[in-house]
Amino acid sequence: MADQGCIIQNNSIGETVMSKRILGGLGLLLGAGLSAGSALALEPGDPQRGQAAAATCTACHQANGSGMHVPGGESWPRLAGQDAGYIEKQLHDFKSGRRQNASMMPFATMLDDQQIADVAAYYSQMEITPASGGEEASDAVMARGEQLANRGDWDDYIVSCSSCHGPGGTGVGSEFPGVASQHAGYISAQLHAWKDGERSNDPQNLMGAIAKRMSDDDIAAVSAWYARQAPVVEGGE
Ligand code: HEC
Ligand code: HEC
């Protein structure tokens, strides 16, 4: 208590130290999100315009934004109900080459900044759809997945997924996407991409650091577990 009082009273130095700390941590996360949408004179994303701009996306992401689990192939992520700011950041990252994927890059490239904001608004207001994959996971595999998701594994220095992706993995703000009710094939593809250094567009290597500590079995388990979580409506609206 005495120490805390001292820091608060010693305001100019204390505040500088505090704001540096905050800048070093959360500030970088927010900065990464903001710079993605920082183009001038953009109108707020409009779902109706977004629907028109998304005409080519449905081939893979489907008309209801559900995406698809493709066993043994490249799965298409669910976009329905994902945070608009997160979707925007990913599209800018594909466009700039910060995030690499041969299937997705041409489609991100043909959108301008306004269309990116519009399709993000369009998908974010769709109802979250159920995911597939992991149906054959044993009880033991599901238990391991649940452990990693909700409690982590301190023996392997794996922080719980929920500490960033939120309780139930439904996502937090624009920085931490929802992973519950996402297709197992997509979740595991992303974790492997981070583990192998093929995806590196995350702020401060937060995901890379975790994926590198996960075994292939861990990745399969947590992907199956999240895919099998029922869609949760955020905020209960
Ligand atoms: C040919 C299939 C295909 C088409 C068409 C397509 N996508 Fe994708 N999309 C993918 C794949 C595959 C991924 C996952 C890429 C990866 O593994 O990094 C993806 C990923 C994404 C992501 C990242 C999702 C996340 O959770 O990080 C967004 C956003 C996205 N697509 C939006 C779009 C939009 C908007 C369009 C239309 C303009 C579109 N996609 C068209 C295949 C496609
Ligand atoms: C320290 C914070 C943190 C923890 C812990 C964490 N993540 Fe993430 N995760 C992130 C961030 C930040 C992103 C977004 C990266 C970006 O902006 O491209 C992300 C993205 C993802 C994505 C990509 C989602 C998409 O739609 O593209 C998956 C899948 C994922 N995390 C799974 C997990 C799993 C599984 C765990 C637990 C084993 C986990 N994460 C733990 C911070 C974290």
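Our subject in this report is the structure included herewith. (Residues numbered from 1 in each chain as written. Chains lettered and ligands numbered in written order. Predicted model: local features only at pLDDT ≥ 70, side-chain atom pairs only at ≥ 80, totals over all residues.)

The helix and strand inventory of the protein stands at 12 helices and zero strands. The proportion of buried residues among the 237 residues of the protein is 39%. (Helix = DSSP H or I, 4+ residues; strand = E, 2+ residues; numbered from the N terminus. Buried ≥ 20, exposed ≤ 12 C-beta atoms within 10 Å, placed from the backbone.)

If you check the shell around ligand 1, you find 22 residues, and the closest are Cys 57, Cys 60, Asn 101, Met 104 and Phe 107. Split into classes, the residues belonging to the shell around ligand 1 amount to 15 nonpolar, six polar and one charged. (Near = placed C-beta within 6 Å. Nonpolar A, V, L, I, M, F, W, Y, C, P; charged D, E, K, R; others polar.)

What follows deals with the site of ligand 2. Lining the immediate surroundings of ligand 2 are 22 residues, of which Val 159, Cys 161, Cys 164, Asp 202 and Leu 206 lie closest. At the level of secondary structure, the elements contributing two or more residues to the shell around ligand 2 comprise helix H9 (162–165), helix H10 (184–195) and helix H11 (206–211). Classifying every residue of the shell around ligand 2 by side-chain character gives 15 nonpolar, four polar and three charged.

Counting 26 residues, the largest nonpolar core has Ile 187, Val 222, Ala 224 and Tyr 226 as its most contacted members. Secondary structure elements with two or more residues in this core: helix H8 (139–150), H10, H11 and helix H12 (216–227). Broken down by element, the residue count for this core peaks at eight residues, all from H12. Core analysis: the next-biggest nonpolar cluster, separate from the first, contains 19 residues, Cys 57, Ala 80, Ala 84 and Tyr 86 among them. (Core = buried A, V, L, I, M, F, W, Y, C linked by C-beta atoms within 7 Å.)

A few words on the packing of H10 against H12. In the contact formed by H10 and H12, the axes pass within 8 Å of each other and the chain directions differ by 145°. Helix-helix and strand crossings are classified by hand; for H10 and H12 the assignment is right-handed. For the pair formed by H10 and H12, the contact residues are Ala 184, Ile 187, Ser 188, Leu 191 and His 192 on the first element and Ile 219, Ala 220, Ser 223, Ala 224, Tyr 226 and Ala 227 on the second. Partitioned by chemical class, the residues of the contact of H10 with H12 number eight nonpolar, three polar and no charged. (Axes fitted to C-alpha atoms, helices over the stretch in contact; angles between N-to-C directions. Left-handed = near helix turned anticlockwise from the far one by under 90°. Contact = placed C-beta atoms within 7 Å.)

Spanning 12 residues, H12 covers 17 Å between terminal C-alpha atoms, matching the ideal 16 Å at 1.5 Å per step. Across the 12 residues of H12, nine count as buried, placing the element largely inside the fold. Of all the residues in H12, the buried ones are Ile 219, Ala 220, Ala 221, Val 222, Ser 223, Ala 224, Trp 225, Tyr 226 and Ala 227. Contact partners of the buried residues in H12: H8 and H10. (Expected span 1.5 Å × (residues − 1).)

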